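# Results of the structural survey
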Amino acid sequence: MSEKRPPIIIDMTPEGEFRDPPAPPAPRGLDLVLARLGGAAMLVALVTGGLLVAALALLAIGVLLPIVLTAGAIGAVTLWWRLRKARAR
């Protein structure tokens, strides 16, 4: 059950160069409206995604900042205590 496919046609000039396929027709009517609407929707999605990434970065900073400050304070107190003990000797 083999189907017979039409032969492949290679369109070439007499000089041996390939001819360019005809340009697709320009979008008109509903196609043009949908193309512009789709482009605007993609732009909105990209901007919203960028804002989401920025919001997540701010959230991560907000969560990690108290941890960093606490660890820094503990480290500073530990160094102060050791310096105090070293001076006492």
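From a predicted model like this one, the values you see are computed outputs, not experimental measurements. (Residues numbered from 1 in each chain as written. Predicted model: local features only at pLDDT ≥ 70, side-chain atom pairs only at ≥ 80, totals over all residues. Heavy atoms only, no water.)

## Some details on the overall build of the protein chain
Stated formally: Only DSSP runs of H or I reaching four residues or more are called helices, and only runs of E reaching two or more are called strands; each is numbered from the N terminus. Restricting the calculation to C-alpha atoms gives the radius of gyration, and the globule rule supplies 2.2 Å times the number of residues raised to the power 0.38. Accessibility here uses a 1.4 Å probe with only protein chains present; expressed as a share of the type maximum, an area under 20% marks a residue as buried, one over 50% as exposed, and anything in between as partly exposed. In summary, the charge assignment counts Lys and Arg as positive and Asp and Glu as negative, without counting His or the chain termini. Every charge is mapped to an atom, namely NZ of Lys, CZ of Arg, CG of Asp or CD of Glu.
Broken down by element type, the protein chain carries 1 helix and 0 strands. Whereas a compact globule of 89 residues would reach a radius of gyration of roughly 12 Å, the protein chain reaches 34 Å, over 25% beyond that. Based on the C-alpha atoms only, the size of the protein chain along its principal axes is roughly 100 × 40 × 35 Å. Looking at the protein chain residue by residue over its 89 residues, the buried ones come to 0%. For the protein chain, the centre of its 10 positive side-chain charges and the centre of its 6 negative side-chain charges are spaced 43 Å apart.

## Here's the deal with the pattern of salt bridges
To keep it simple, the criterion reads: A carboxyl oxygen of Asp or Glu within 4 Å of a side-chain nitrogen of Lys or Arg is what we treat as a salt bridge.
Under the defined criterion, the tally for this structure stands at 1 salt bridge. Of the charged contacts, one joins Asp 11 and Arg 19 as a salt bridge, the two residues approaching to 3.5 Å between their closest N and O atoms. By relative accessible area, Asp 11 is classed as partly exposed at 44%.

## A word on the packing of aromatic side chains
How we decide: Aromatic pairs are defined between Phe, Tyr and Trp rings, using the six-membered ring for Trp, whenever the two ring centres lie within 6.5 Å; interplanar angles under 30 degrees are classed as stacked, those over 60 as edge-to-face, and all others as tilted.
Scanning the model with the defined rule gives 1 aromatic pair in all. Ring plane angle 55 degrees and centroid distance 6.2 Å describe the contact between Trp 80 and Trp 81, whose orientation is recorded as tilted. Residue classification places Trp 80 among the exposed positions, given a relative accessible area of 51%. Taking relative accessible area as the criterion, Trp 81 reaches 42% and is therefore assigned partly exposed.

## Section: helix α1 (residues 30-88)
As a reminder, the rule being used: Expected helix span is computed as 1.5 Å times (number of residues minus one). The seven residues ending at a residue and the seven starting there each receive a fitted axis; the angle between those axes is the bend at that residue.
Here α1 spans 86 Å end to end across 59 residues, near enough to the 87 Å set by a 1.5 Å rise per residue. The largest bend in α1 is about 30 degrees, located at Leu 64, with the proline Pro 66 one to four residues further on.

## As for a nonpolar patch on the surface
Using the following cut-off: Like charges are joined within 9 Å and nonpolar side chains (Val, Leu, Ile, Met, Phe, Trp, Tyr) within 5 Å, but only among residues with over 30% relative accessible area and no salt bridge; these make up the patches. Reported accessibility uses the Shrake-Rupley method at a 1.4 Å probe radius. Residues are deemed covered only where the shown protein chains occlude them.
On the surface, Leu 52, Leu 56, Leu 59, Val 63, Leu 64, Ile 67 and Val 68 cluster together into a nonpolar patch covering about 690 Å² of accessible area. Following the sequence through the fold, Leu 52 ends up in helix α1. Classification of Leu 52 as exposed rests on a relative accessible area of 52%.

## Some thoughts on the environment of Arg 89
Here Arg 89 shows up in the segment after α1. A relative accessible area of 85% means that Arg 89 is categorised as exposed. Residues Arg 89 and Ala 26, 63 residues apart in the sequence, show an inter-C-alpha distance of 88 Å.

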